[in-house]
Amino acid sequence: MARYIGCAMTKKEQVKAIFIEEAGEIIEKLDVDILRFEEDSSDFNLLNEIFRGVHTLKGNSNAFGFTRLGEFVHHFEDLLDYYRTTRDEIEEHYLDLFVGSVDVVKEVMICELDEVETLPGGYGEYLGKIKDLIAIKTNKTVVTVPQMSGVEPTIDAISMSDLAAEFGLGCQEEVSKTVTNCIKTKQISQEDGLNLYLINLTLDSDSYKRGFDHLIFLHLLKEKAASLDSFFNMESIGTLDNFLSEENKILNVSIVVLTSQSLEEVTEYFEFLFENEYLITLVEPSITGVIKERDIAPEKPNIVDARKGSDRRKDDRREPTETSSSSALTTKSTIRIDTIKLDELFDSVGELVIAQNFVAQNEKIRAIEDESISRAIETLSKITKKIQDRVMSLRMVAIRDTFDKMKRVVRDTSKKTGKELRLIVVGEETEIDKTMIDSLSDPLIHIIRNAIDHGLEADAAERLSVGKKTEGTITLRAFHKSGSIVISVSDDGRGINKEKVLQKAIERGVVTGDENLTDSQIFALLMQPGFSTADTISDLSGRGVGLDVVKTSIEKLRGKIEVDSKEGEGTVFSMVLPLTLAIIDGMLVRTAGEIYIIPTLSVVESFRPDKEIVHSLKGKGEFVSMRAQHIPVIRLSDVFALDVKRIEPWEGILVCVETGAGRVAIMVDELLGRQQVVIKTLGQSLSKLKEITGGAILGNGDIALILNVDELCPVFES
């Protein structure tokens, strides 16, 4: 797609660029779906999803001249079509062929985009295997498909059965029609003072374990309802052999309720559910029409989404098969937005926030004792904050896609090392700035590979000897903590030998033997370039060229990496990142009349030291003794050569911060408070200052510089 940027595109090139973008999304989804299918090859709904993606690639790739990709996916589609049509059980040893074929699709797509004549090495091999397997399977005389009452299925029956599964007909359609008729009837008989709601419950499979089932909400609604009708979609109910009493298999229940209660009162019944588990729609009395599934846009109703709390007038789009007398509900729709435009919008909103703060904090305006002006400024402040929050949320995306990619890394590394393990994913709905997502993949991949290859025990026998299960566990977790995002990779392996790390660091001259290092400082030594404690070097880890790159990548995102380990129990690598790269949460401090911002992510504590704990050594600078540690004191007036009267450390305030080289204490005159500020890049003249990462305009118009604490070091007097 980059080939088309910077010049005017023809219509054909525009369409081709759209295909390339969509093809990338399809291939990413295939990469995730094929792993899920490998775990459960009996999931034919998922097989249908994979088939549809490959089918779309086939048609579009041939249309745009990507014939090599078209040739491969054509035969891959035939193989998928055979299994989805016949519902034959897929032998386990053939699953690698499916996974490998998706790899070939990815590689061929890259070759097509880069116009490389040479095909990937596995192209011919996998294409031959696909053709051979199709030939073997099509020579079978017995086709096993689900049967009813002992009747032998025909080819037409097989096809129709498949079409029903693929296009979602049957029970789901019947429920929609029944709900539609019910709503029409209720609208006719609706009296003044009564509200008509359509509620869709899609409780997660673990809802029973959390104490919720559909009947609870039916009983609650019925207590204050004039009438209530419920419609259970039983399409996903399996056979008795697969029945599990603790799992919810009823994926959708539609409730039509006529009640005097307001939308807010009805919503309170569902306040303990997750947002994806319910959708409440207020159906206006004047609306007429057909209710379809939640993804269908209504004709012209006022829809109130209980989770958003806003009325939204929808446009006139409708399905070609719908009749003119319709009513309906909808879920969110999406549009594609150029990230450059989004960044420009964010910058503009940042300027708006600065301007609003300037107005609100302007001394001349505040001196005007006029209630109407005060109300106007307060209203402006609220609106500006709301706009800022909304625009910030546009940049936030769930980390689910990144975690899904890591599943493939775990699978491939597991096979390469021969280690049996399972992956646990927690918090995949956690949102993070879109601009940070792409930069996280490489650090995550390295940490995961390192955890499997170097963290987990060498084999099952070693794990059994220390009382562990033969199967190792890798846990990938994302969560919010103190205004930051934490992404951690943990294993239940052998842990890190602190003594071995320290000894290696002493041998390399990184540290001296007389230093009193904490556990976190010892583990941080692993981030030194070329540092490795691996006894053997593999193609996955052991060369000592990875963790320092991980550290550098995370620091570029203004984050930090923390390591915690217990020998014999396991290790946790945690990447602590800001919520967004455009805004920083910082502590404002004043020194020599200048204001600086210290990222709160680095701040440990602030204090006024006693005279007894401050020491000065010639040639070494000033130190403060805290908890058996000697922390160097850094004077910002020395770092930036500020002309200021020199005071003693106990006359000022020390802000202790965590850096890559350990803790340091920054000496300041005054703490001004904590504040979120919009980051501004500096000009070329100031960009050379390694101690500064950017600037910010404060509400009163003052400019504050943002400190790069990792580059701060004491300045010794000559």
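Sequence order sets the numbering: in each chain, residues are counted from 1 along the sequence as written. Given that this is a predicted model, residues contribute local features only at a pLDDT of at least 70 and side-chain atom pairs are listed and counted only at 80 or more, while totals for whole chains, interfaces and linings are drawn from all residues. Hydrogens and waters are ignored; side-chain quantities use all the structure's heavy atoms.

**Q** Explain helix α16 (residues 498-507) to me, please; I cannot follow it from the model alone.
**A** Count 3.6 residues to each turn of an α-helix, and residues three or four apart come out pointing the same way. Its side-chain oxygen 3.1 Å from the backbone nitrogen of E499, N497 forms the N-cap of α16. Secondary structure counts use DSSP, requiring at least four H or I residues in a row for a helix and at least two E residues in a row for a strand, with both numbered from the N terminus. Of the residues one or two after α16, G509 is the one with positive phi, at around 80 degrees. Think of a polar contact as two N or O atoms within 3.5 Å of one another; within protein, one of them needs to be a possible hydrogen donor and the other a possible acceptor, and neighboring residues in sequence only count if both atoms come from side chains.

**Q** Please explain the packing of aromatic side chains as it appears in this structure.
**A** Here a ring pair, both rings aromatic, is described through the centre-centre distance and the interplanar angle of the planes. Two aromatic rings from Phe, Tyr or Trp, using only the six-membered ring of Trp, form a pair when their centres are within 6.5 Å; if the ring planes differ by under 30 degrees the pair is stacked, by over 60 it is edge-to-face, and anything between is tilted. Applying the stated criterion to the full structure yields 8 aromatic pairs. Judged by centre distance (5.1 Å) and plane angle (20 degrees), the ring pair of F217 and F270 falls under stacked. With F217 in helix α8 (residues 214-223) and F270 in the loop between α9 (263-268) and β4 (278-283), the pair connects residues that are 53 residues apart, well separated along the chain. Side by side, F217 and F270 carry an identical accessibility label, which is buried. Relative to F640, the ring of Y596 lies with its centre 5.4 Å away and its plane at 10 degrees, an arrangement referred to as stacked. Of this pair, Y596 sits in strand β15 (residues 594-599) while F640 sits in the loop between α19 (636-639) and β20 (653-659), and the two are 44 residues apart along the sequence. The same class applies to Y596 as to F640, namely buried. Joined through ring pairs, the aromatic side chains of F37, F76, Y82, Y83 and F98 make up one cluster. Criterion for a charge above a ring: Arg CZ or Lys NZ at most 6 Å from the ring centre, at most 35 degrees from the ring normal. The ring centre of F51 lies 3.6 Å from the NZ or CZ of R84, which sits over that ring. Each residue is placed in one exposure class: buried if its accessible area under a 1.4 Å probe, protein chains only, is under 20% of its type's maximum, exposed if it is over 50%, and partly exposed if it falls in between.

**Q** Help me out: how do you make sense of the sheet that holds strand β24 (residues 703-707) in this one?
**A** To summarise the sheet geometry, strands pair through backbone hydrogen bonds and adopt either a parallel or an antiparallel arrangement. If you trace the 5 strands from one edge of the open sheet to the other, you get β22-β14-β15-β24-β23, paired in mixed fashion. Each edge of the sheet is formed by a strand with only one pairing partner; in this case those strands are β22 (670-678) and β23 (692-697). Strand-to-strand twist across the sheet, computed as the mean angle between neighbouring axes with direction ignored, equals 35 degrees. The criterion for strand pairing is that DSSP finds at least two bridges linking the strands in question. Between N-to-C directions, angles cover 0 to 180 degrees, with each direction set by a line fitted to C-alpha atoms, over the stretch in contact for helices.

**Q** Teacher, can you tell me more about the nonpolar core here?
**A** In these notes, a set of buried Ala, Val, Leu, Ile, Met, Phe, Trp, Tyr and Cys residues joined through side-chain atoms within 4.5 Å is what counts as a nonpolar core. Ranked by internal contacts, the top residues of the largest apolar core, which has 41 residues, are F72, L79, L80, Y83, F98 and M109. Elements with a minimum of two residues in this core: α1 (11-39), α2 (44-63), α3 (67-86), α4 (95-113) and α5 (122-138). It is α4 that contributes the most residues to this core, 10 residues altogether. Pairs of residues are marked as contacts when any of their non-hydrogen atoms sit within 4.5 Å. Residues contacting Y83, with those up to four places away along its chain left out, are F44, L47, D88, E89, I90, E91, Y94, F98, L133 and K137. In this structure, L456, V550, I561 and L577 belong to the second largest nonpolar core, which totals 40 residues.

**Q** How should I be thinking about the confidence of the model for the protein chain in this particular structure?
**A** Predicted coordinates in areas of low pLDDT are best not read in detail. Note: pLDDT gives the predictor's confidence per residue, expressed from 0 to 100. Averaged over all residues, the pLDDT of the protein chain is 77; the fraction at 70 or higher stands at 80%. For the stretch residues 1-7, pLDDT sits under 50, and the model shows 12 contacts to residues farther than four places along the chain or on other chains. Counted against residues more than four places away or in other chains, residues 286-331, with its pLDDT under 50, gives 108 contacts.

**Q** Please clarify how the pairing of β15 should be interpreted in this entry.
**A** For a regular strand, the rule is simple: side chains alternate between the two faces of the sheet. Across the 6 residues of β15, 5 count as buried, placing the element largely inside the fold. Examined bridge by bridge, strand β14 (residues 583-591) and β15 share 6 bridges and lie antiparallel to one another. Directly across from T591, in β15, lies its bridge partner E594. Counted between consecutive antiparallel strands, the loop separating β14 from β15 contains 2 residues, among which A592 sits at a positive phi close to 55 degrees. Of the pairings in the sheet, the one linking β15 to β24 comprises 2 bridges and is parallel in character. Within β24, the residue paired with I597 across the bridge is I706.

**Q** Would you mind going over the packing of helix α10 (residues 339-361) against helix α12 (residues 371-394) with me for this structure?
**A** If you want to describe how two helices pack, look at the angle between their axes and the distance between the axes. Close contact between α10 and α12 brings their axes to 10 Å; oriented N to C, the two are set at 160 degrees. In terms of axis orientation, α10 runs roughly antiparallel to α12. When you trace α10 past α12, the crossing you get is left-handed. Facing α10, whose interface residues are L342, L345, F346, V349, L352, V353, Q356, V359 and A360, α12 presents I377, L380, S381, T384, I387, Q388, V391, M392 and L394. Three residue categories are used. Nonpolar comprises Ala, Val, Leu, Ile, Met, Phe, Trp, Tyr, Cys and Pro, charged comprises Asp, Glu, Lys and Arg, and polar comprises the others, including Gly. Of the residues belonging to the contact of α10 with α12, the class tally is 14 nonpolar, 4 polar and no charged. Should an angle fall under 35 degrees it is taken as roughly parallel, and over 145 as roughly antiparallel, whereas 65 to 115 is taken as roughly perpendicular and any remaining angle as oblique. Left-handed describes a crossing whose near helix is turned anticlockwise from the far helix by less than a right angle; the clockwise case is right-handed.

**Q** Before we go on, may I ask you to explain the sheet that holds strand β10 (residues 472-481) in this structure?
**A** Taken in spatial order, the 5 strands line up as β8-β10-β11-β13-β12 in an open sheet, and their pairing is mixed. Each edge of the open sheet is held by one strand with a lone partner, namely β8 (421-426) and β12 (560-566). Going across the sheet, the axis of each strand differs from the next one's by a mean of 15 degrees, ignoring polarity. When β12 meets strand β13 (residues 570-578), the two strands line up antiparallel, connected through 7 bridges.

**Q** Can you walk me through the packing of α3 against α5 in this structure?
**A** Contact pair α3 / α5: the axes reach a minimum separation of 10 Å and the direction vectors enclose 30 degrees. Considered as vectors, α3 and α5 are oriented roughly parallel to each other. In the packing of α3 onto α5, the handedness of the crossing is left-handed. Where α3 abuts α5, its residues R68, E71, F72, H75, F76, D78, L79, Y82 and Y83 lie against Y123, Y126, L127, I130, K131, L133, I134 and K137.

**Q** Any chance you could explain the pattern of salt bridges here in plain terms?
**A** Side-chain pairing between opposite charges can occur once the charged atoms of the two side chains come close. A pair is scored as a salt bridge if a Lys or Arg side-chain nitrogen falls within 4 Å of a carboxyl oxygen belonging to Asp or Glu. As enumerated under the stated definition, the model contains 37 salt bridges in all. Ionic pairing is found between E49 and K29, a salt bridge with its closest N-O pair at 3.4 Å. Within this pair, whereas E49 is found in helix α2, its partner K29 is found in helix α1, the two being separated by 20 residues in sequence. Residue E49 is classed as partly exposed on the basis of its relative accessible area, which comes to 35%. The exposure class of K29 is partly exposed, given its relative accessible area of 41%. Of the charged contacts in the structure, one is a salt bridge between R408 and D412, with a shortest N-O distance of 3.1 Å. Here R408 and its partner D412 are both found in helix α13 (residues 400-417), 4 residues apart, which amounts to about one turn of the helix. Classification of R408 by relative accessible area gives buried; the value is 6%.

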